[in-house]
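So you can see what is in the structure, the chains are spelled out below.
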Amino acid sequence: MCGISGYLGREKISNDLINKTLLGMRNRGPDHQGYKHISFGGNNLYLLSSRLKIVDRNIRSNQPMKMDDLTIIYNGEIYNIDEVKKKIFSYGLKLKTKSDTEIILKMYKIFGTKCVDHFEGMWAFLIYDHLNQLVFISRDRVGEKPLYYLKNKDGFFFGSETKFIRTLINNYKEINAKKISHYLKFGYKSIEISNEFFFKNIFKMEAGTNFIVKKNLKISKIPYWKPKIKEKKI
């Protein structure tokens, strides 16, 4: 389990808030923490990572990871790693690490946003494409790895847990009374009826979905997978 969070927008986030957020992220990844600030089309992009070292424990696989014109933060695990490596090698690309983090970057380099079609596993990741000046965010098919977001006039916030977002916004506490009322009335099954959360304007990113964010901060939401259900009449 790792943790990711960050912000994309016009505002600047203080080092104090970044350090507070990283401190709150340690429960998801105590082995290494890092962050990167990138200028992006007049915007500021902050990428925060808290890593639990499982695949390739070497420091070369710490995050945020930048290779060539791509930067990534990532929580998850790619299961079909050997199969994906063969595809990468078939395109003449080499790997510098043994991590699945680099594998995602290399597959993005080959297939762009369609790279997720080749993965089996669980993930929530963000790639910043320096060349095309876009942010690509993806969540796995069935939503094993969590990712929440908040979009307001100041920009776009995201995180593996809502408290990361709330810390970055400087102790955001606006309660979603409607969601809480539904939960108290209908129980835990009501939580997944919508992607709203217990804090106002914080949403859960849908499973099997990609976000593409360009420098005008417009978000394109692209579902890339849905389960195929075959029902037989009895």
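Everything below is about the structure shown above.
First things first, this report covers the structure right here in the doc. None of these values were measured; they are calculated from a predicted model.

The next point concerns the packing of helix α2 (residues 81-90) against helix α3 (residues 100-111). Closest axis-to-axis distance for the α2/α3 pair is 10 Å, and the angle between their directions is 40 degrees. On the basis of their axis angle, the class for α2 and α3 is oblique. Read as a crossing pair, α2 and α3 show a hand that is left-handed. Counting all contacts with α2, which are made through Ile81, Val84, Lys85, Lys87 and Ile88, the residues of α3 involved are Asp100, Ile103, Lys106, Met107 and Ile110.

To continue, consider the sheet that holds strand β6 (residues 121-129). If you trace the six strands from one edge of the open sheet to the other, you get β4-β5-β6-β7-β11-β12, paired in antiparallel fashion. Bordering the open sheet on either side are β4 (65-67) and β12 (219-223), each of which pairs with just one other strand. Each strand axis lies, on average, 20 degrees off the axis of its neighbour in the sheet, ignoring direction. Two strands pair when backbone bridges link them, and β4 and strand β5 (residues 70-78) are joined in this way by three bridges, in the antiparallel orientation. For Met65, the partnering residue across the bridge sits in β5 and is Ile72. Strands β4, β5, β6 and β7 (134-139) of the sheet are contacted by α3, whose axis makes an angle of about 120 degrees with β5.

This part takes up the nonpolar core. Counting 24 residues, the largest nonpolar core has Phe119, Phe125, Ile127 and Phe136 as the members making the most contacts within it. Going through the elements one at a time, β4, β5, α2, α3, β6 and β7 are the ones with two or more residues in this core. By residue number, the principal contributor to this core is α3, which donates five residues.

Let us look at the pattern of salt bridges. All told, the structure shown has ten salt bridges when counted by the stated rule. With a shortest N-O distance of 3.3 Å, Glu161 and Arg28 are connected by a salt bridge. Pair noted here: Glu161 is in the loop between β9 (155-159) and α4 (162-168) and Arg28 is in the loop between α1 (15-25) and β2 (32-40), with a separation of 133 residues, a long-range link. Glu102 is the partner of Lys106 in a salt bridge, and the nearest nitrogen-oxygen pair spans 3.0 Å. Placement of both Lys106 and Glu102 in helix α3 is noted, with a separation of four residues, approximately one turn of the helix. Here Lys106 and Glu102 have matching classes, each one buried. One salt-bridge network, in which partners are shared between bridges, spans Arg28, Glu161 and Lys163.

A surface patch of nonpolar side chains, about 260 Å² in accessible area, is lined by Met1, Leu52 and Ile54. Tracing the backbone shows Met1 in the segment before β1 (3-9).

This brings us to the side chain of Thr162. Looking at the element boundaries, Thr162 is found in helix α4. In contact with Thr162, other than residues within four places in its own chain, are Tyr148, Phe197, Phe199 and Ile202.

In the structure shown here, the tally under the stated rule is 15 aromatic pairs. Geometrically, the ring pair formed by Tyr149 and Phe156 is stacked, given 5.9 Å between the ring centres and 25 degrees between the ring planes. Each member of the pair, Tyr149 as well as Phe156, is classed as buried. Feature note: the residues Tyr149, Phe156, Phe158, Phe203 and Phe211 constitute an aromatic cluster, connected by ring pairs.

Parameters and conventions
- Residues numbered from 1 in each chain as written.
- Predicted model: local features only at pLDDT ≥ 70, side-chain atom pairs only at ≥ 80, totals over all residues.
- Heavy atoms only, no water.
- Axes fitted to C-alpha atoms, helices over the stretch in contact; angles between N-to-C directions.
- Helix = DSSP H or I, 4+ residues; strand = E, 2+ residues; numbered from the N terminus.
- Parallel < 35°, antiparallel > 145°, perpendicular 65-115°, else oblique.
- Left-handed = near helix turned anticlockwise from the far one by under 90°.
- Contact = heavy atoms within 4.5 Å.
- Pairing = 2+ DSSP bridges.
- Core = buried A, V, L, I, M, F, W, Y, C linked by side-chain atoms within 4.5 Å.
- Buried < 20%, exposed > 50% of the residue type's maximum accessible area, 1.4 Å probe, protein only.
- Salt bridge = Lys/Arg side-chain N within 4 Å of Asp/Glu carboxyl O.
- Patch = residues over 30% accessible without salt bridge, like charges linked within 9 Å, V, L, I, M, F, W, Y side chains within 5 Å.
- Areas by Shrake-Rupley, 256 points an atom, 1.4 Å probe, with all protein chains shown as cover.
- Phe/Tyr/Trp six-rings, centres within 6.5 Å; stacked < 30°, edge-to-face > 60°.

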